[in-house]
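Listed here are the chains, written in short residue letters.
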Amino acid sequence: MELTHFSFNVDDGIAVVLLDRAEEPVNTIGPAIFDDFNTVVERIETDESIKAVVFGSAKRNNFLAGADIRFFDTITEAEEGAAVIRQLHTLFTRIEALHAVHDKPVVMAIDGACLGGGLEFALTGSMRIATDNRKTQLGQPEVQLGILPAGGGTQRLPKLVGIATALDMILTGRPVRPHKARKIGLVDEVVPREVLYEVAKRRASESIGHLGEGGGSSFKSFLAPTHLQDLALEQNPVGRRMLFKKAEEAMLEKTKGLYPAPQRALEAVKIGIEQGNAAGYEAEATFFGELIISPESKALRGIFFASQMKKHATGISSNAEPKQVSKVGVLGGGLMGAGIATVSALKAGATVRIKEVDTNGVEHALRHVSRQIAKQVTRRRMTSFEGEQTMNKVTATTNWSGFENADLVIEAVFESLELKQDLLGQVEDLIEDDVVFASNTSSLPISQIAADARHPERVLGMHYFSPVEKMPLLEVIVTDDTDDRATVTAVEFGKRQGKTVIVVKDGPGFYTTRILVPYLNEAFFLLADGASVEAIDEAMVNWGFPVGPLLLTDEVGIDVGAHIVKIMRDAFGDRIAGPDMMAGLIEDDRKGRKNGRGFYLYNDKGERGSVDDSVYKALGLGPRRVLTETEIHGRIVSAMINEAARCLEEGVLQSSLDGDIGAVMGLGFPPFRGGPFWWVDQVGAANMVAKLDGLTEMYGERFAPAQILRDHAESGKPLR
Ligand code: NAI
């Protein structure tokens, strides 16, 4: 038996089959391994000496990470996609039948990623054993790529863990860790990695002679009392109808109907429950074919690939080596500084020294870090011992002690040029010449911060987003003086902090803040033109942004927004100037959520209510009129996209891919639209230019199309 992607050994009647995709770093599933897979199954079916099977992986930390996504891009017709899924169904049904029909129990030995098609494969076994390895996670993340679990996941998962739990996993795409998986009945046992195969073989051997139930059902998981209760509810048609209705409502609330994949996934689950497996599998195949060629899925995959590529990118063209960072100094332990300290210790494993102005600042910073670590312990992502060890890495002070040892200093004090310049000067007195100094400014040009630096070549920006622990993007900003070694040091450290990193050229607002300003300005222009706050925010949410621009201004702080808008106006002049309305708001003591006065009403607890109608008076605006959603999002989005194009044209961005990643991961540009450049390619650069020309005629020069858009409109070449 010739196998390229598996090792196959029979020991004492038990076949141990390990997946090991040739010439690939991780195991994925796709037509490339179907032949091998079928050969394996056939041998098990026919070899009488084989009484039971253990499936596992020869790759470390990786059971089966999911489908071979590159293969998806080769599918151009819906029917082609559906046909591949039908082949996969045949294969998986055969594996399931090894126990149910051939009486050979199948134990899945899971260590590392068991995702998408990987989990669906695992569901075909009679039993699943997972390791307690931190890298072990089980999930159906397909909807995040705009498709549905189509390898039987919408059918077998609900039968194993119940409809409600399965829907939660399938519709959110969130994976579960081993202990949670055990609790919900997804795996039968959790064991240390060292004994995985020993236990798996023992269980396989014990199961010989016990009739397989098929359908991935395991005996033990059905015994948990909560599980029985849920199942009782789910077996009652009225209870079930309610459950599906609730799940659908919750999903639509989140997706606004803009993401077809979760809707189809939910439908497939429902069809399987109501009409049986065969209909369910067929629904999976049909829906997969439809979704795989949808623009939404293509855009989501585009973003996914782009972020994968960024994992290997250094952001420099030379092969300068990064400085190894084991000690980080953080200046300012406020909202951002404390977050930066947290990810530096928790994710990057660095020792962190925070400097604050007084003991209050010190306490606040350390409390923040400690809370974040405690959360990780509660969620069992680390043991309490590991939590303590991590906390011990973080110390804070009100003087400069400890900074002389830093490999990297990140500054996150107030947004004041003088303060930042002054601190850089003081730090330079202390640190070695090769230590990198990064500023987390959100708008001040790095070259100005570095204006008096003794070593401007080691000064750059590391622009994080709030909340630092959650937001995936890091924008590294380099000046003409920044050297490659400093850049690659920041990039590599950012990756260790778990960030997707883009490197951009210095300038007012860099990339993300710069494209945000025309976006916010246009919302103010619309207010001036009579649109209501609700209409503006709703139009943008309905277009796919997580929050509307005016609510965002409340969240960021109206004073902060006004400050940034002013910096941009000083730099770019009228082209980027909004209507002068922020001053009126600030005079009326409106700073947004933080002082409970903004575009919206806030109660004593800081909870947001409806729009504060008195805001129009503060803005000096009269009665509102109705503007269409299309006009609202058309203007706001065009303004943002045009500025992004200018950033590409001026070389602020290294690539359109970076521009898409920055907008999606930093600003919440709708992922299913792929980012500003991907989106322009969708609508066509010529159409985009025509739209901007039209807007220029109506509203003025601020909409004049960037030259690069005209160039692409003419050449017809895509931007991405
Ligand atoms: P914050 O006000 O929460 O924190 C600033 C901290 O710096 C305060 O705790 C203050 O005590 C401390 N500080 C002031 N002077 C200091 C000094 N001389 N030495 C040591 N510590 C000092 O402000 P936040 O929001 O954390 O912002 C910090 C920086 O990050 C600003 O430059 C801001 O523009 C930037 N930023 C903020 C974002 C946000 O969403 N809040 C996003 C990205 C960047």
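Computed from a predicted structure; not experimentally measured.

This part takes up the overall build of the protein chain. Per the secondary structure count, the protein chain includes 30 helices and 19 strands. Over its C-alpha trace the protein chain gives a radius of gyration of 28 Å, about what one expects of a compact globule, namely 27 Å for 720 residues. Dimensions along the principal axes, computed over C-alpha positions, put the protein chain at roughly 80 × 60 × 55 Å. Expressed as a percentage of its 720 residues, the buried residues of the protein chain come to 56%. Look at the contacts in the protein chain between residues 6 or more apart in sequence, and 75% of them connect residues 24 or more apart.

This part is about the domain arrangement of the protein chain. How big an interface is tends to be stated in terms of the accessible area lost upon association of its parts. Domain annotation for the protein chain reports domain 1 (6-293), domain 2 (327-507) and domain 3 (513-651 + 654-715). Just the C-alpha atoms count here: the centres of domain 1 and domain 3 sit 43 Å apart.

To continue, consider the sheet that holds strand β2 (residues 14-19). Two strands in a sheet stick together by hydrogen bonds in their backbones, pointing the same way (parallel) or opposite ways (antiparallel). Across the sheet, which stays open at both edges, the six strands sit in the order β1-β2-β3-β5-β7-β9 with mixed pairing between neighbours. The outermost strands of the open sheet, each flanked by one partner alone, are β1 (6-11) and β9 (189-191). Neighbour-to-neighbour, the strand axes of this sheet turn through a mean angle of 20 degrees, independent of strand direction. Both strand β3 (residues 52-57) and strand β5 (residues 106-110) contribute to a ladder of three bridges, which runs parallel. Across the sheet, V54 pairs through a bridge with V107, a residue of β5.

In this fold, D36 is placed in helix α1 (residues 34-46). Comment: no salt bridge for buried D36; closest opposite-charge side chain is R21, at 8.7 Å. For D36, the residues in contact, after removing those within four places along its chain, are E2, L3, T4, H5 and F6.

On the surface, a cluster of positive charge is contributed by K347, K375, R379, R381 and K470. Here K470 falls in the exposed class, since its relative accessible area comes to 69%.

So, about the site of the ligand. Inspection of the region around the ligand gives 20 residues, with M336, E356, E415, K420 and S442 positioned closest. One nitrogen or oxygen atom from the side chain of E415 is found 2.5 Å from an oxygen atom belonging to the ligand. With respect to the ligand, the side chain of K420 contributes an N or O atom lying 2.7 Å from an oxygen atom. Protein chains shield 77% of the accessible area of the ligand, which is 830 Å² for the free molecule. Contributing elements (two or more residues each) for the shell around the ligand: α14 (335-346) and α17 (417-430).

Here the focus is the pattern of salt bridges. In total, this model carries 46 salt bridges according to the counting rule given. The salt bridge involving R458 is made with E428; its shortest N-O contact spans 3.2 Å. In this pair, R458 is assigned in the loop between α18 (446-449) and β15 (459-463) and E428 in helix α17, connecting sequence segments 30 residues apart. Assessed through its relative accessible area of 2%, R458 is described here as buried. R635 is the salt-bridge partner of E522, the closest N and O atoms lying 3.0 Å from each other. Residue E522 is found in helix α20 (residues 512-528), and its partner R635 is found in helix α26 (residues 629-649); the two are separated by 113 residues along the sequence. A single network of salt bridges, built from pairs that share partners, joins R514, R575, E643, R646 and E650.

This part is about the packing of aromatic side chains. Within the structure shown, the criterion is met by 17 aromatic pairs. When the centroid spacing of 5.7 Å and the interplanar angle of 85 degrees are considered together, the rings of W543 and F669 count as edge-to-face. Here the residue W543 occupies a position in helix α21 (residues 533-543), and F669 occupies one in the loop between α27 (656-667) and α28 (676-683), the gap between them amounting to 126 residues. Taken as a pair, W543 and F669 share a single burial class, namely buried. Three or more aromatic residues link up through ring pairs in this structure, and these residues are F6, F37, F55, F63, F92 and F121. Directly above the ring of Y699 sits R635, whose terminal nitrogen or CZ lies 4.0 Å from the centroid. In this structure, R702 is placed above the aromatic ring of F525, and the distance from its NZ or CZ to the ring centre is 3.5 Å.

Time to look at the packing of α20 against helix α23 (residues 558-572). Two elements in contact, α20 and α23, have axes whose closest approach is 10 Å; the angle formed by their N-to-C orientations is 105 degrees. The pairing of α20 with α23 is recorded here as roughly perpendicular in orientation. Each of T513, R514, V517 and N521 in α20 lies in contact with α23, whose residues at this interface are I564, V565, M568 and F572.

Here N27 is to be found in the loop between β2 and α1. One polar contact links the side chain of N27 to the main-chain carbonyl oxygen of F63, over a distance of 3.1 Å. Aside from chain neighbours lying at most four places away, what touches N27 is L19, D20, R21, S57, K59, N62, F63, L64, A65 and G66.

Here eight strands make up an open sheet; going across it, the order is β12-β11-β10-β13-β14-β15-β16-β17 and the pairing mixed. Among the strands making up the open sheet, the edge pair consists of β12 (394-397) and β17 (500-505). Here the average twist between neighbouring strands, direction ignored, is 25 degrees. Contacting β10 (327-331), β11 (351-355), β12 and β13 (408-411), α14 crosses the sheet at an angle of about 165 degrees to β11.

Residues V436 and A438 line one face of strand β14 (residues 436-439) and the alternating positions F437 and S439 line the opposite face, and both faces are buried. Where the polypeptide runs from β13 across α17 and back to β14, its parallel neighbour, the crossover connection is right-handed. Where β14 meets β15, three bridges bridge the pair, whose relative direction is parallel. When the bridges of β15 are listed, F437 appears paired with V459.

Topologically, L627 is positioned in the loop between α25 (615-618) and α26. For the pair L627 and I536, spaced 91 residues apart in sequence, the C-alpha separation works out to 8.9 Å. The contact partners of L627, leaving out residues within four places of it in the chain, are L526, D529, G530, A531, I632 and R635.

What counts, and at which threshold
- Residues numbered from 1 in each chain as written.
- Predicted model: local features only at pLDDT ≥ 70, side-chain atom pairs only at ≥ 80, totals over all residues.
- Heavy atoms only, no water.
- Helix = DSSP H or I, 4+ residues; strand = E, 2+ residues; numbered from the N terminus.
- Rg over C-alpha atoms; globule rule 2.2 N^0.38 Å.
- Buried < 20%, exposed > 50% of the residue type's maximum accessible area, 1.4 Å probe, protein only.
- Contact = heavy atoms within 4.5 Å.
- Domains from an automatic or database assignment.
- Pairing = 2+ DSSP bridges.
- Axes fitted to C-alpha atoms, helices over the stretch in contact; angles between N-to-C directions.
- Lys, Arg positive; Asp, Glu negative; His and termini not counted.
- Salt bridge = Lys/Arg side-chain N within 4 Å of Asp/Glu carboxyl O.
- Patch = residues over 30% accessible without salt bridge, like charges linked within 9 Å, V, L, I, M, F, W, Y side chains within 5 Å.
- Areas by Shrake-Rupley, 256 points an atom, 1.4 Å probe, with all protein chains shown as cover.
- Charge placed at Lys NZ, Arg CZ, Asp CG, Glu CD.
- Near = heavy atom within 4 Å.
- Polar contact = N/O pair within 3.5 Å; in protein donor to acceptor, adjacent residues only side chain to side chain.
- Phe/Tyr/Trp six-rings, centres within 6.5 Å; stacked < 30°, edge-to-face > 60°.
- Lys NZ or Arg CZ within 6 Å of the ring centre and 35° of its normal.
- Parallel < 35°, antiparallel > 145°, perpendicular 65-115°, else oblique.
- Right-handed = clockwise from strand over helix to strand, strands pointing away.

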